[in-house]
Amino acid sequence: MIDAAGEQLGIMLTQEAMARAEEAGLQLVEVNPKANPPVCKIMDYGKFKYETAKRDREARKNQKTTELKEVKFRPKTHDHDFDFKTRHIRRFLEEGDKVKLVVQFRGREITHPETGRAILERVCRDLADVATVLQLAQMENNRMNMVLAPKPQRSGAPRPKPVESPVAPRSVAAPASAAAPAASTDDDDDYDDDEYDDEDDDADDEEAAEEA
């Protein structure tokens, strides 16, 4: 028997223990039913339940649950999209999550699985400082999958910084009067100039034939 102040009162009858709890305006709670004899304590049971639930909530709040993120690539993923997705993968790994890399093949692309493997190997090289391969690349229907996990860090060891690619020197722009017209860099607006040259040549031939 333990009173509200935490002092042990020794072994006593259940009726006597309940009478002591009633006199204190508290409840008699069995805290260790497996003991012989069972251990009981006089306490405010409502306050005890509230504090227990609060501790459980704090423990769940501070507990990190690992998630499996999925990032998709294509065999012809452009450098801009590749860098964008690689940055997200790095952030997921640094937050402690695992990442599933998926290369989606379409149509005849499936006949060249080496292109997808090259994409996955490139991701592994760029994230070698924070990632370790948990599952090697393998084909599933028209998808090639690989799973990365955060690399375990040594205690007290600083995380190595990724190696940055050298930046090419910028050329000095020519004066406005001598500057050549800028070429379009938008792949979607890539026109075939040869077609227009052929049309101009055909028009010139027609005019020459009419004059003759």
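Let me begin by describing the structure that accompanies this report.

1. Topic: the packing of aromatic side chains
Part 1 of the argument: Tallied over the full model, the rule gives 2 aromatic pairs.
Part 2 of the argument: Centroid distance Phe73 to Phe82: 5.8 Å. Interplanar angle 50°. Geometry classified as tilted.
Part 3 of the argument: Of note, Lys85 hangs over the ring of Phe73, and the distance from its end group to the ring centre comes to 5.4 Å.
Part 4 of the argument: Above the plane of the ring of Phe82 lies Arg122, whose end atom (NZ or CZ) is 3.8 Å from the centre.

2. Considering the sheet that holds strand 5 (residues 131-140)
Part 1 of the argument: Here 4 strands make up an open sheet; going across it, the order is 3-4-6-5 and the pairing mixed. Edge positions in the sheet fall to strand 3 (68-73) and strand 5, since each has one partner strand and no second. Geometrically, the sheet is characterised by an average inter-axis angle of 20° between neighbouring strands, direction not taken into account.
Part 2 of the argument: Pairing of strand 4 (residues 98-104) with strand 6 (residues 143-150) involves 6 bridges; the strand directions are antiparallel. Its bridge partner lying in strand 6, Gln104 is registered against Arg143.

3. Some words on the nonpolar core
One broad trend across soluble globular proteins is that nonpolar side chains are buried collectively.
Part 1 of the argument: Within the largest apolar cluster, 20 residues are counted, with the highest numbers of intra-cluster contacts made by Phe73, Ile89, Leu93, Leu101, Val123, Leu127 and Leu148.
Part 2 of the argument: If you list the elements that add at least two residues to this core, you get strand 3, helix 3 (79-94), strand 4, helix 4 (113-126), strand 5 and strand 6.
Part 3 of the argument: Here the element with the most residues in this core is helix 3; it accounts for 4 residues.
Part 4 of the argument: Those residues in contact with Leu93, other than ones at most four positions away along the chain, are Val99, Leu127, Val130, Ala131, Leu148, Ala149 and Pro150.

Reading the values: rules and limits
- Residues numbered from 1 in each chain as written.
- Predicted model: local features only at pLDDT ≥ 70, side-chain atom pairs only at ≥ 80, totals over all residues.
- Heavy atoms only, no water.
- Phe/Tyr/Trp six-rings, centres within 6.5 Å; stacked < 30°, edge-to-face > 60°.
- Lys NZ or Arg CZ within 6 Å of the ring centre and 35° of its normal.
- Pairing = 2+ DSSP bridges.
- Helix = DSSP H or I, 4+ residues; strand = E, 2+ residues; numbered from the N terminus.
- Axes fitted to C-alpha atoms, helices over the stretch in contact; angles between N-to-C directions.
- Core = buried A, V, L, I, M, F, W, Y, C linked by side-chain atoms within 4.5 Å.
- Buried < 20%, exposed > 50% of the residue type's maximum accessible area, 1.4 Å probe, protein only.
- Contact = heavy atoms within 4.5 Å.

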